[in-house]
Amino acid sequence: MRIETIKKEIESIPTLLGVTEVGKQIGGWTRNKVHTYWKRGIIPEPATYIGNRPVWTESQIENWINTKLKGD
């Protein structure tokens, strides 16, 4: 029973994406383009930082893609 609880908790942890992964998710953007667009406020603020590196949740980027890129 305890193993099932742990599995459910692990499954609930969101997938985190760094700058490179965000670029791939968006459609081949370079690290520099992601960084520039983030600093200009075009893409969402990172969910958090690991060290000094920004990370976004996968769902955060998917939602942004669906509303901003596909919705416009």
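Residues numbered from 1 in each chain as written. Predicted model: local features only at pLDDT ≥ 70, side-chain atom pairs only at ≥ 80, totals over all residues. Heavy atoms only, no water.

Caption draft 1: Representation of the overall build of the protein. Of regular secondary structure, the protein possesses four helices and three strands. Relative to a compact globule of 72 residues, whose C-alpha radius of gyration would be 11 Å, the protein shows 14 Å and is clearly more extended. Counting only C-alpha atoms and orienting by the principal axes, one finds that the protein spans roughly 45 × 30 × 20 Å. The buried share among the 72 residues of the protein stands at 28%. Nonlocal contacts in the protein, meaning residues at least 24 apart in sequence, comprise 44% of its contacts between residues at least 6 apart. For the protein, the distance from the average position of its 11 positive side-chain charges to the average position of its 8 negative side-chain charges is 8 Å. (Helix = DSSP H or I, 4+ residues; strand = E, 2+ residues; numbered from the N terminus. Rg over C-alpha atoms; globule rule 2.2 N^0.38 Å. Buried < 20%, exposed > 50% of the residue type's maximum accessible area, 1.4 Å probe, protein only. Contact = heavy atoms within 4.5 Å. Lys, Arg positive; Asp, Glu negative; His and termini not counted. Charge placed at Lys NZ, Arg CZ, Asp CG, Glu CD.)

Caption draft 2: The side chain of T57, seen in detail. Among the secondary structure elements, T57 is positioned in strand β3 (residues 53-57). In this structure T57 comes out as buried when scored by relative accessible area, which is 14%. If we skip the residues at most four places from it in the chain, T57 touches P14, T15, L16, L17 and A47.

Caption draft 3: Seen up close, the sheet that holds β3. Strand order in the open sheet formed by three strands is β1-β3-β2, and the pairing between neighbours is antiparallel. Both outer strands of the open sheet, β1 (16-17) and β2 (48-50), are each paired with one neighbouring strand and no more. As judged from the two bridges shared by β1 and β3, these two strands associate in the antiparallel manner. Paired with L17 across the two strands is W56, which belongs to β3. (Pairing = 2+ DSSP bridges.)

Caption draft 4: Broad picture of a nonpolar patch on the surface. On the surface, a cluster of nonpolar side chains totalling about 290 Å² of accessible area is made up of I6, I10 and I13. On the secondary structure map, I10 appears in helix α1 (residues 2-11). Overall, the relative accessible area of 53% leaves I10 in the exposed class. (Patch = residues over 30% accessible without salt bridge, like charges linked within 9 Å, V, L, I, M, F, W, Y side chains within 5 Å. Areas by Shrake-Rupley, 256 points an atom, 1.4 Å probe, with all protein chains shown as cover. Salt bridge = Lys/Arg side-chain N within 4 Å of Asp/Glu carboxyl O.)

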